[in-house]
Amino acid sequence: MNPQSIGFLSFCVVVLTANGLLQRFSVRWQNGLLLLASCVFYAMADWVMLFLMMGMSVVYWWLGGLLKRLMNKGRTADASRLTTFSVCIAICLLCYFKYLGFFVEQVGCLLQMFGIHSSLSLSILLPLGLSFYTFKLISYIIEIHREHIEPCDNLMTFSLYISFFPTVMAGPIDRSGTFLPQLKKTRRVDADALIQGAKTMLWGYFLKICIADPLSLATDETWNTFDSLPASTVLAAALIYPIQMYADFCGYSCIAIGLGRMLGLVVTENFNRPFLARNVAEYWRRWHMSLTNWLTDYVFMPLNITWREYGNRGIMLAIIVNMIVVGIWHGANWTYLLFGLYHGLLFLPLIYSGTFTRKKKLKPGKWGLPTLHDGMYMVGTYLLVTIGFVAFRAPDVGSIFGFLGAIFDSSIMEIPHIPQFRLLYLAFIAILLVNDWIYRDSPSPLHFNGTGLFRYRLVRWFIYYLLLFAIYIYSDAESQQFIYVQF
Amino acid sequence: MERKEIFSKLNEIFIDVLDLDECNLTDETNANDIEEWDSLSHIQLIVAIEKRFGIKFTSLEIMKWRNVGELVDSILSKK
């Protein structure tokens, strides 16, 4: 069920109404309703794989309890072995569905290079949301082993945590330590939560329907024909792709966070104005935060602790491995590996110079704009990120270099003409970036702080209606699936 | 070695590694309380603490700490 479809919105209305009616009942009823809704939602997309997700939930719920019992008995070595075993099961599952087909294909290519005829191929469909929920399962077991959480005593609560329908398709990846406690107490949804949730969803739909979808038509067209286009057009398409990705994925995250809020649950944030970052380290602290925080805790930190004796060399190696994992988490393709490696390498000068950890708060300069110094670093970071996104978007390694090569041409001075690009999109992009700057410290989108013109209710409502109108106009356009759903 | 003495040495290490003007650690202090204390400086702190106290922590031990109090407990258990 596509989140921008009428079917999804109708589904949400039914669930929200039922959730409201069950507020007077115990938390068991509320969780039962949400679990039922999550199962229906998942089954409508892929009912066979619903059994896999629920089966994994049961197994990991049992493993969590067993792990705690071993720890209570002081059998620490057995507890460590069980943790490793549990993590390996989840990784094997991920490798089977996500990487085995690619691996077999590469072996076939290798054999052909040695003159051995091979028709090796394996087609395995990736279950919806697998990359997201396996990370939740892994984190649950490790957190019990680290004694940060107690195992969940109720299977229904745990299954709901894994399958929660607003986030099951493409995150954010909620952590058990913050999400499970919310599922254990009765939730009351007040008017404020409903309004804030609805505003966050409205912003998410605006990003997806008015920015990401129209831009995707323009960038797809450019990617399909970049060989025959002027360099300036190719460059312009490369420069708008990070915005498209941001609007697409942040749009999805806002819909999930807003819907969660309306159901009385706080879903973890995924983005914090990434294009205000002044270096790549800061960018990764602001982009897809639920994934990067997860990897920091379970990949980067353990590696960094193990290699702590090696000083900066240990840190660099840990970062490069971590960023390669970030890359290949997105899928089985050499392009994702290169994307991760490229970002890992971008960290190296920051570690050498000591700016890796420096966190200076953004302060406005003259006329409330970023200072010239900050602005220059923001633009520089954006350009570096853009090159990375060329690798991310390319269908194969050859296309990365083909696309980048097409930018270095004498036609770079021509006026760019991106097919299917309208000037109005620039206005939408400006709204997105200006909003990010002005409300850089705001907890949620469209959370006006009541200063200036926004203290007037009429102005605020005018903005909400304007966004709704824009969504209505653009919802006629060809609707695109959210990019991160494929991962 | 007493807790008070350990805290005093830890304050010196934190000031030195994180380049702070002053530091008053308590049992409840955690990374959220000190802006300069992040995933990377955490490792630098551990290396400095191990060197100063002449001890070695295991990876799991390090990963379990939720605040300075638990770090001090680990140091005490090794002394």
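Analysis parameters
- Residues numbered from 1 in each chain as written.
- Chains lettered and ligands numbered in written order.
- Predicted model: local features only at pLDDT ≥ 70, side-chain atom pairs only at ≥ 80, totals over all residues.
- Heavy atoms only, no water.
- Helix = DSSP H or I, 4+ residues; strand = E, 2+ residues; numbered from the N terminus.
- Rg over C-alpha atoms; globule rule 2.2 N^0.38 Å.
- Buried < 20%, exposed > 50% of the residue type's maximum accessible area, 1.4 Å probe, protein only.
- Contact = heavy atoms within 4.5 Å.
- Areas by Shrake-Rupley, 256 points an atom, 1.4 Å probe, with all protein chains shown as cover.
- Lys, Arg positive; Asp, Glu negative; His and termini not counted.
- Charge placed at Lys NZ, Arg CZ, Asp CG, Glu CD.
- Axes fitted to C-alpha atoms, helices over the stretch in contact; angles between N-to-C directions.
- Parallel < 35°, antiparallel > 145°, perpendicular 65-115°, else oblique.
- Nonpolar A, V, L, I, M, F, W, Y, C, P; charged D, E, K, R; others polar.
- Salt bridge = Lys/Arg side-chain N within 4 Å of Asp/Glu carboxyl O.
- Polar contact = N/O pair within 3.5 Å; in protein donor to acceptor, adjacent residues only side chain to side chain.
- Phe/Tyr/Trp six-rings, centres within 6.5 Å; stacked < 30°, edge-to-face > 60°.
- pLDDT = per-residue confidence, 0-100.
- Domains from an automatic or database assignment.
- Buried area = accessible area lost by both parts, 1.4 Å probe.
- Core = buried A, V, L, I, M, F, W, Y, C linked by side-chain atoms within 4.5 Å.
- Patch = residues over 30% accessible without salt bridge, like charges linked within 9 Å, V, L, I, M, F, W, Y side chains within 5 Å.

Colleague: I would appreciate a short explanation of the overall build of chain A in the present structure.
Modeller: Secondary structure summary: chain A contains 17 helices and zero strands in total. Taken over C-alpha atoms, the radius of gyration comes to 23 Å for chain A, in line with the 23 Å a tight globule of 487 residues would show. Each principal axis of the C-alpha distribution contributes one length, and for chain A these read about 70 × 70 × 45 Å. Per-residue burial for chain A yields a buried fraction of 54% across its 487 residues. Here the contacts in chain A between residues at least 6 apart in sequence split such that 77% fall between residues at least 24 apart. Roughly 22700 Å² of accessible area belongs to chain A as shown, and the carbon and sulfur atoms make up 67% of that amount. One way to put it: in chain A the 36 positive side-chain charges average out to a point 12 Å from where the 27 negative ones average out.

Colleague: I would appreciate a short explanation of the packing of helix H9 (residues 231–262) of chain A against helix H15 (residues 397–407) of chain A in the present structure.
Modeller: A pair of packed helices is characterised by two quantities: the angle between their axes and the separation of those axes. All names here are of chain A. At their nearest, the axes of H9 and H15 sit 7 Å apart, and the two run at 120° to each other. Classified by the angle between their axes, H9 and H15 sit oblique to one another. Along the contact surface, H9 presents Ala231, Val234, Leu235 and Ala238, while H15 presents Phe403, Ala406 and Ile407. Residue composition of the contact of H9 with H15, by class: seven nonpolar, no polar and no charged.

Colleague: Got a minute to help me understand unusual backbone geometry in this structure?
Modeller: If a residue is not glycine, its phi is most likely negative; likewise, a peptide bond is most likely trans. For A:Glu147, which is not glycine, the phi torsion reads 60° and is therefore positive. Mapped onto the elements, A:Glu147 comes out in the loop between helix H4 (130–145) and helix H5 (155–163). In this structure A:Glu147 comes out as partly exposed when scored by relative accessible area, which is 40%. Even without a glycine there, the phi angle at B:Asp19 is positive, about 60°. When you line up the elements, B:Asp19 lands in the loop between helix H1 (3–18) and helix H2 (39–53). Here B:Asp19 falls in the exposed class, since its relative accessible area comes to 65%.

Colleague: Help me understand the interface of chain A and chain B, please; the structure alone is not making it clear to me.
Modeller: Note on interface size: it is often stated as the accessible area lost on association of the parts. Residue-level contacts link 17 residues of chain A with 18 residues of chain B. Run the count over chain A and chain B and you get three salt bridges. The salt bridge involving A:Glu147 is made with B:Lys64; its shortest N-O contact spans 2.9 Å. In this assembly, chain A and chain B are joined by seven residue pairs in polar contact (both at pLDDT 80 or more). In terms of residue count, the dominant contributor to the side of chain A that touches chain B is helix H11 (residues 289–306) of chain A (seven residues). Residue classes in the side of chain A that touches chain B are distributed as six nonpolar, six polar and five charged.

Colleague: Teacher, can you tell me more about the packing of aromatic side chains here?
Modeller: Describing an aromatic ring pair means giving the distance of the ring centres and the angle of the ring planes. All names here are of chain A. For the coordinates displayed, the defined rule picks out 43 aromatic pairs over all chains. Look at phenylalanine 135 and tryptophan 294: their rings are 3.9 Å apart centre to centre, the planes differ by 20°, and that puts the pair in the stacked class. Here phenylalanine 135, found in helix H4, pairs with tryptophan 294, found in helix H11; they are 159 residues apart in sequence, far enough to count as distant. As far as the burial class goes, phenylalanine 135 and tryptophan 294 line up, both buried.

Colleague: Could you clarify how one ought to interpret the confidence of the model for chain A in this entry?
Modeller: As a general rule, the predicted coordinates of low-pLDDT regions are not to be interpreted in detail. The predicted model of chain A averages 87 in pLDDT, with 95% of residues at 70 or higher. Within chain A, the lowest mean pLDDT, 81, falls on helix H16 (residues 423–438) of chain A, and the highest, 95, falls on H5(A).

Colleague: What am I meant to see in the environment of A:Tyr439 here?
Modeller: Within the secondary structure, A:Tyr439 is located in the loop between H16 and helix H17 (457–474). Along the primary structure A:Tyr439 and A:Tyr60 are separated by 379 residues, whereas in three dimensions their C-alpha atoms are 40 Å apart.

Colleague: Would you take a moment to explain the pattern of salt bridges for this structure?
Modeller: Opposite charge on two side chains allows them to pair when their charged atoms are near. The full count for this structure, using the stated rule, is 19 salt bridges over all chains. Among the salt bridges present, the one from A:Asp78 reaches A:Arg81, with a minimum N-O distance of 2.7 Å. Linking A:Asp78 with A:Arg81, this pair stays in helix H3 (residues 76–113), spanning three residues, or about one helical turn. For A:Arg81, a relative accessible area of 55% puts it in the exposed group. The partner of B:Asp73 in a salt bridge is B:Arg3, with the nearest N and O atoms 2.8 Å apart. Here B:Arg3 lies in helix H1 and B:Asp73 lies in helix H4 (residues 68–78), a separation of 70 residues in the sequence.

Colleague: What's the story with the domain arrangement of chain A in this structure? I'm lost.
Modeller: All names here are of chain A. In terms of domain boundaries, chain A breaks down into domain 1 (6–188) and domain 2 (192–230 + 238–277 + 409–486). Placing a centre on the C-alpha atoms of domain 1 and another on those of domain 2 gives a separation of 29 Å. Counting residues at the interface gives 24 residues for domain 1 and 20 residues for domain 2. For the pair domain 1 and domain 2, the summed buried area comes to about 1800 Å², and 72% of that belongs to carbon and sulfur atoms. In terms of surface lost to domain 2, no three residues of domain 1 exceed Leu16, Ala170 and Pro172, which account for 28% of the buried area on that side. The interface formed by domain 1 and domain 2 holds zero salt bridges in total. Counting across the interface, domain 1 meets domain 2 through five residue pairs in polar contact (both at pLDDT 80 or more).

Colleague: I keep staring at the nonpolar core and nothing clicks. Help me out?
Modeller: Looking at soluble globular proteins, one finds that nonpolar side chains tend to be buried together. Counting 171 residues, the largest nonpolar core has A:Phe206, A:Ile211 and B:Leu10 as its most contacted members. The element contributing the most residues to this core is H9(A), with 18 residues. Here this core gathers at least three residues from each of two domains, domain 1 (6–188) and domain 2 (192–230 + 238–277 + 409–486) of chain A. Here A:Ile211 is in contact with A:Phe206, A:Ile243, A:Ala247, A:Phe428, A:Ile429 and A:Leu432, once residues within four sequence places are set aside.

Colleague: Help me out: how do you make sense of a nonpolar patch on the surface in this one?
Modeller: Residues and elements named next belong to chain A. A cluster of nonpolar residues, Leu110, Met113, Phe114 and Ile116, forms a patch on the protein surface that exposes about 490 Å² of accessible area. Along the chain, the position of leucine 110 falls in helix H3. A relative accessible area of 47% places leucine 110 in the partly exposed class.

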